[in-house]
Amino acid sequence: MEPRLVESGPEMAVVRVDVPGLTPDDAFLAFTEPSSLVRWWPQEAETDRRVGGTYHLSWPAMGWHLRGRYTTMEPARALGFTWRWDHEPGLPERDVVVSFEPVPDGGTRITVTHGRYGAGDAEAADRQGHIDGWLHFLARLASLAGLLDTGTPASLGGFRNE
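Conventions and cut-offs
- Residues numbered from 1 in each chain as written.
- Predicted model: local features only at pLDDT ≥ 70, side-chain atom pairs only at ≥ 80, totals over all residues.
- Heavy atoms only, no water.
- Pairing = 2+ DSSP bridges.
- Helix = DSSP H or I, 4+ residues; strand = E, 2+ residues; numbered from the N terminus.
- Contact = heavy atoms within 4.5 Å.
- Core = buried A, V, L, I, M, F, W, Y, C linked by side-chain atoms within 4.5 Å.
- Buried < 20%, exposed > 50% of the residue type's maximum accessible area, 1.4 Å probe, protein only.
- pLDDT = per-residue confidence, 0-100.
- Phe/Tyr/Trp six-rings, centres within 6.5 Å; stacked < 30°, edge-to-face > 60°.

Novice: Teacher, can you tell me more about the pairing of strand β5 (residues 64-74) here?
Specialist: Of the strand pairs in this sheet, strand β4 (residues 54-59) and β5 are connected by 6 bridges, and their pairing is antiparallel. Each bridged residue has a counterpart across the sheet, and for Ser58 the counterpart in β5 is His65. Adjacent in sequence and paired antiparallel, β4 and β5 are bridged by 4 residues, among which Gly63 carries a positive phi angle near 70°. Where β5 and strand β6 (residues 78-85) come together, 6 bridges link them in antiparallel fashion. By the bridge assignment, Met73 is partnered in β6 with Leu79. Taken together, β5 and the strand that follows it, β6, pair antiparallel across an intervening segment of 3 residues, in which Ala76 is found at a positive phi of about 70°.

As C-alpha cells, then:
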C-alpha cells in the first residue's frame, strides 16, 4: 500500500502506510538500527537507542545532517524523537512520533506524526517538505519489506540508499 497523508490540520503532518510482511518489531528496528536505516532513508546513520540518546542521520553528498534525541523508545509500539537539520538553523526543532500497529492480515501500520508547525509561509513550506519526504521514504521502506528473507530489517536485500 502507498503511504498517504492523514487529515491533520496545518499544525501537524500525519502520514500513514500499511506494510505487509513487516512485523512491528522489524518496523521499529527499521527506524532505529543504523544498518537498516541506511537501506531506506539516510546514507549514513548513528543511533544511541535509548530515551535521551541521540541520533545523527546524514547525506554526505548533499551536505545534509539531521540530528535529534529520542524522547520515546517502546520497541514494536512507538518511537519519538526531536528533529533538526543542521542546514536549516532558522527553523525550530520539531517533534516526531512514529507508531507501529499490527494489521489483521499481517504486517504493520506505520503512522508518522510530525510537527508542531506555526503560521506563515515558511512553516507551511516546512510542513509540506516533511510530508513529501515521509511519503517518499515510507514508500521506499514499504517496497523493501517484500525483500525480507530472514524476517529482520538487516536482511533488506542489498539495497543501500546512495
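Next comes the rest of the description.
Novice: Whenever I open this one, the environment of Glu123 confuses me. Can you help?
Specialist: For Glu123, the position within the fold is in helix α3 (residues 121-145). Other than its neighbours up to four places away in sequence, Glu123 contacts Leu91, Pro92, Arg94, Arg116, Tyr117 and Gly118.

Novice: Whenever I open this one, the nonpolar core confuses me. Can you help?
Specialist: Soluble globular proteins tend to bury their nonpolar side chains together. Formed by 34 residues in total, the largest nonpolar core has its most connected members in Phe31, Trp41, Ile110 and Trp134. Ranked by the residues each element gives to this core, the list is headed by α3, at 6 residues. Not counting residues up to four positions away in its chain, the partners in contact with Trp134 are Val15, Phe31, Trp41, Phe81, Trp83, Val96, Val112, His114 and Ala139.

Novice: Mind showing me how you'd approach the confidence of the model for the protein chain here?
Specialist: As a general rule, the predicted coordinates of low-pLDDT regions are not to be interpreted in detail. Confidence in the prediction of the protein chain, expressed as mean pLDDT, is 90, and 90% of residues score 70 or more. In the predicted structure, residues 148-162 sits below a pLDDT of 50 and forms 38 contacts with residues beyond four places in sequence or in another chain.

Novice: Even after reading the chapter, I still don't get the packing of aromatic side chains, so can you show me in this structure?
Specialist: Pairs of aromatic rings are described using the distance from one ring centre to the other and the angle between the two planes. The tally for this structure, following the rule as stated, stands at 14 aromatic pairs. Centre to centre, the rings of Trp83 and Trp85 are 5.9 Å apart; their planes meet at 90°, and the pair counts as edge-to-face. Taking the relative accessible area as the measure of exposure, Trp83 reaches 6% and is therefore buried. On the basis of relative accessible area, Trp85 is assigned to the buried category, the value being 14%.

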